[in-house]
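Chain residues, written in single-letter form:
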Amino acid sequence: MAEKKKMKGSMITEFYKSLAKGKIYGVQCSKCGFFDFPPKTACKECGYHDMKLRKISGDGELLFFSSGNLPPKKFAKYHPYAYGAVELKEGPTFFTQIEGLDVSSVKRIQEQNEKMPMKVKAKVKKMAGMNIVIFRVVK
Ligand SMILES: [Zn+2]
């Protein structure tokens, strides 16, 4: 969430406004076509400062997860929850909360991790007064 403070500009404002409506955008570099998520104002690939908002498909694959043992203070009341790495269909890997997994024991977490990658779908969830992009397991 430290990232949120660094983000500036109308494109980022638009990203958060859209989240409130349940729409999830990434950004694409208008020079080299590199796709990034969450949106950044500059291209990680070529450094160009013209990133255009592009709606993401919401499809991704969960690579691994844990029970998020050290949640940021404002998310502590939601603990325990699954926290994992999702590779978006568009390319970028994003770390976030995952719904639909059993985090009741270390054994269960290990068993589910053996089944990776798992298909997941993006959704917007209101947590701690913010709209957060999370993923849920597609059954
Ligand atoms: Zn670029």
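Scroll up a little and you will see the structure.
The following paragraphs examine the structure supplied in this document. This structure is a prediction, so every number in the text was calculated from the model and none was measured.

**Topic: the nonpolar core**
If you look at soluble globular proteins, the nonpolar side chains tend to sit buried side by side. Counting 23 residues, the largest nonpolar core has F37, L62, F65, I98, L101, V133 and F135 as the members making the most contacts within it. The residue makeup of this core includes at least three contributed by each of domain 1 (2-55) and domain 2 (59-137). Apart from residues no more than four positions distant in its own chain, I98 is found in contact with L62, A82, Y83, G84, V86, V120, F135 and V137.

**Notes on the side chain of Q112**
Locating Q112 in the fold gives a position in helix α3 (residues 106-113). Each residue touching Q112, except ones within four places of it in the same chain, is listed here: F65, L101, D102 and M118.

**Observations concerning the pattern of salt bridges**
According to the stated counting rule, one finds 10 salt bridges in the structure shown. Two residues, K107 and E111, come together in a salt bridge whose shortest N-O distance is 2.9 Å. Taken as a pair, K107 and E111 lie in helix α3 at a separation of four residues, close to a single helical turn. Residue E111 is classed as partly exposed on the basis of its relative accessible area of 29%. Salt bridges here are not isolated pairs; linked through shared partners, they connect D102, K107, R108 and E111.

**Comments concerning the environment of D50**
Looking at the element boundaries, D50 is found in the loop between β2 (35-36) and β3 (51-55). It is 9.9 Å that separates the C-alpha atoms of D50 and K40, two residues lying 10 residues apart in sequence. Sequence-distant contacts of D50, defined by excluding residues within four places in its chain, comprise Q28, C29 and S30. Looking at D50, its side chain comes within polar contact range of the side chain of S30, at 2.8 Å.

**A closer look at the coordination of the zinc ion**
In an ideal tetrahedron of four donors about a metal, each angle is 109.5 degrees. In an ideal octahedron of six donors, the angles are 90 or 180 degrees. Around the zinc ion, the donor atoms from the protein are C29 (SG), C32 (SG), C43 (SG) and C46 (SG), and they sit 2.3 to 2.4 Å away. Every donor counted, the four donor atoms about the zinc ion form angles of 106 to 113 degrees at the centre, which fits tetrahedral coordination. Ordering the donors of the zinc ion by residue number gives the pattern C-x2-C-x10-C-x2-C. Of this pair, C32 sits in the loop between β1 (25-29) and β2 while C46 sits in the loop between β2 and β3; the two residues are 14 residues apart in sequence, bridging distant segments of the chain.

**Digging into the pairing of strand β4 (residues 59-66)**
Summarising the sheet, β4 and strand β7 (residues 118-127) pair through four bridges and their orientation is antiparallel. Bridge pairing links E61 to K119 in β7. The pairing of β4 with strand β5 (residues 82-88) spans six bridges and is classified as antiparallel. Bridge assignment links L62 to a residue of β5, and that residue is V86.

**Topic: the packing of aromatic side chains**
Two descriptors summarise a pair of aromatic rings, namely the distance from one centre to the other and the angle between the planes of the rings. Counted by the stated rule, this structure contains four aromatic pairs. Judged by centre distance (5.0 Å) and plane angle (75 degrees), the rings of F15 and Y16 are edge-to-face. Under the relative-accessibility criterion, F15 is labelled buried at 3%.

**Observations regarding a positive patch on the surface**
On the surface, a cluster of positive charge is made up of K17, K21, K23 and K55. Position of K55 relative to the elements: it lies in strand β3. For K55, a relative accessible area of 54% puts it in the exposed group.

What counts and what doesn't
- Residues numbered from 1 in each chain as written.
- Predicted model: local features only at pLDDT ≥ 70, side-chain atom pairs only at ≥ 80, totals over all residues.
- Heavy atoms only, no water.
- Core = buried A, V, L, I, M, F, W, Y, C linked by side-chain atoms within 4.5 Å.
- Buried < 20%, exposed > 50% of the residue type's maximum accessible area, 1.4 Å probe, protein only.
- Domains from an automatic or database assignment.
- Contact = heavy atoms within 4.5 Å.
- Helix = DSSP H or I, 4+ residues; strand = E, 2+ residues; numbered from the N terminus.
- Salt bridge = Lys/Arg side-chain N within 4 Å of Asp/Glu carboxyl O.
- Polar contact = N/O pair within 3.5 Å; in protein donor to acceptor, adjacent residues only side chain to side chain.
- Donors = N, O, S within 2.8 Å, 3.2 Å for Na, K, Ca; no water.
- Tetrahedral: all angles 85-135°; square planar, octahedral: opposite > 155°, others 65-115°.
- Pairing = 2+ DSSP bridges.
- Phe/Tyr/Trp six-rings, centres within 6.5 Å; stacked < 30°, edge-to-face > 60°.
- Patch = residues over 30% accessible without salt bridge, like charges linked within 9 Å, V, L, I, M, F, W, Y side chains within 5 Å.
- Areas by Shrake-Rupley, 256 points an atom, 1.4 Å probe, with all protein chains shown as cover.
- Lys, Arg positive; Asp, Glu negative; His and termini not counted.
- Charge placed at Lys NZ, Arg CZ, Asp CG, Glu CD.

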